[in-house]
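Take a look at the letters that make up each chain.
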Amino acid sequence: MRNSDPNCVPISAKINKDVRFAMDRVLAEQSELAGRPVYMAEVIERLMRFYVEQGDPYQLLEDAR
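Residues numbered from 1 in each chain as written. Predicted model: local features only at pLDDT ≥ 70, side-chain atom pairs only at ≥ 80, totals over all residues. Heavy atoms only, no water.

**Points about the pattern of salt bridges**
Short version of the rule: Whenever a carboxyl oxygen of Asp or Glu lies within 4 Å of a side-chain nitrogen of Lys or Arg, that contact is scored as a salt bridge. Three labels apply to residues, based on accessible area from a 1.4 Å probe with only protein chains included: buried if under 20% of the type maximum, exposed if over 50%, partly exposed otherwise in between. The helix count covers DSSP runs of H or I at least four residues long, the strand count covers runs of E at least two residues long, and both are numbered beginning at the N terminus.
Under the defined criterion, the tally for this structure stands at 4 salt bridges. Among the ionic pairs, R36 bridges to E42, the shortest N-O distance being 2.7 Å. Taking relative accessible area as the criterion, R36 reaches 41% and is therefore assigned partly exposed. Relative accessible area serves as the criterion here: at 18%, E42 is assigned to the buried category. E45 serves as the salt-bridge partner of R49, at 3.0 Å between the closest nitrogen and oxygen. Of this pair, R49 and E45 both sit in helix α2 (residues 40–54), 4 residues apart, which is roughly one turn of that helix. Judged by relative accessible area, E45 falls into the partly exposed class, the value being 28%.

Here's what the structure looks like:
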C-alpha cells in the first residue's frame, strides 16, 4: 500500500478543473476496462517517471516530425 511505503512521498499541485474532471472520467473508464481501480497517483507517477527517463513527451513528438 502506497500510504505505508517509506519510498513514497506526497505531492500537491493545482491543475485546471476541466483537466481534473476529464481525468476522473478517464480513470473511471480505464478502471472498468482494466477490471481494477486505476488510481490518479498511479498515472501521475507513470507520467513523471516517463518525463524523468525519456524527457518531455510533447518535445519527443515534435522531434519525431
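**So, α2**
To keep things clear, this is the line we draw: In this scheme, a helix's expected span is set at 1.5 Å multiplied by one less than its residue total.
With 15 residues, α2 extends 21 Å between its outermost C-alpha atoms, agreeing within 8% with the 21 Å of an ideal straight helix rising 1.5 Å per residue. G55, located one to two residues past α2, shows a positive phi value of around 105°.

**Quick notes on a nonpolar patch on the surface**
The line we're drawing: The patches described consist of residues with a relative accessible area above 30% and no salt bridge, like charges being joined within 9 Å and nonpolar side chains (Val, Leu, Ile, Met, Phe, Trp, Tyr) within 5 Å. Accessible areas in this description were obtained via Shrake-Rupley with a 1.4 Å probe; residue shielding takes into account the shown protein chains only.
A grouping of V9, I11 and M48 is seen on the molecular surface, where their side chains present a nonpolar patch of about 340 Å² in accessible area. For M48, a relative accessible area of 47% puts it in the partly exposed group.

**Some details on the side chain of S31**
Test applied: Note on definitions: a residue-residue contact is assigned when non-hydrogen atoms from the two residues lie within 4.5 Å.
Looking at where S31 falls in the secondary structure, it is placed in helix α1 (residues 17–34). With a relative accessible area of 18%, S31 lands in the buried category. Here S31 is in contact with R36, P37 and V38, once residues within four sequence places are set aside.

**Notes on the layout of surface pockets**
Stated formally: In this analysis the probe radius is 1.4 Å and the grid spacing 1 Å, with only protein atoms considered; a cavity is a set of points the probe fits into but cannot get out of, a pocket is an open set with protein on both sides within 12 Å along at least five of seven lines, and lining residues have an atom within 4 Å of a point. Grid points are joined across faces, edges and corners, and a volume is the space filled by probe spheres set on the points. Lys, Arg, Asp and Glu make up the charged group, whereas Ala, Val, Leu, Ile, Met, Phe, Trp, Tyr, Cys and Pro make up the nonpolar group; the residues left over, Gly among them, are polar.
One number sums up the size of the largest pocket: a volume of about 850 Å³. Along its surface, the largest pocket is lined by 20 residues, and I11, M40, A41, I44 and E45 are the ones closest to its centre. Contributions of two or more residues to the lining of the largest pocket are made by α1 and α2. With 6 residues, α2 is the largest single contributor of residues to the lining of the largest pocket. Per-class residue counts for the lining of the largest pocket are 14 nonpolar, 3 polar and 3 charged. Here the second largest pocket is characterised by a volume of approximately 170 Å³. Lining of the second largest pocket is provided by L47, M48, Y51, P57 and Y58. Within the residue set of the lining of the second largest pocket, elements represented by two or more residues are α2 and α3 (57–64).

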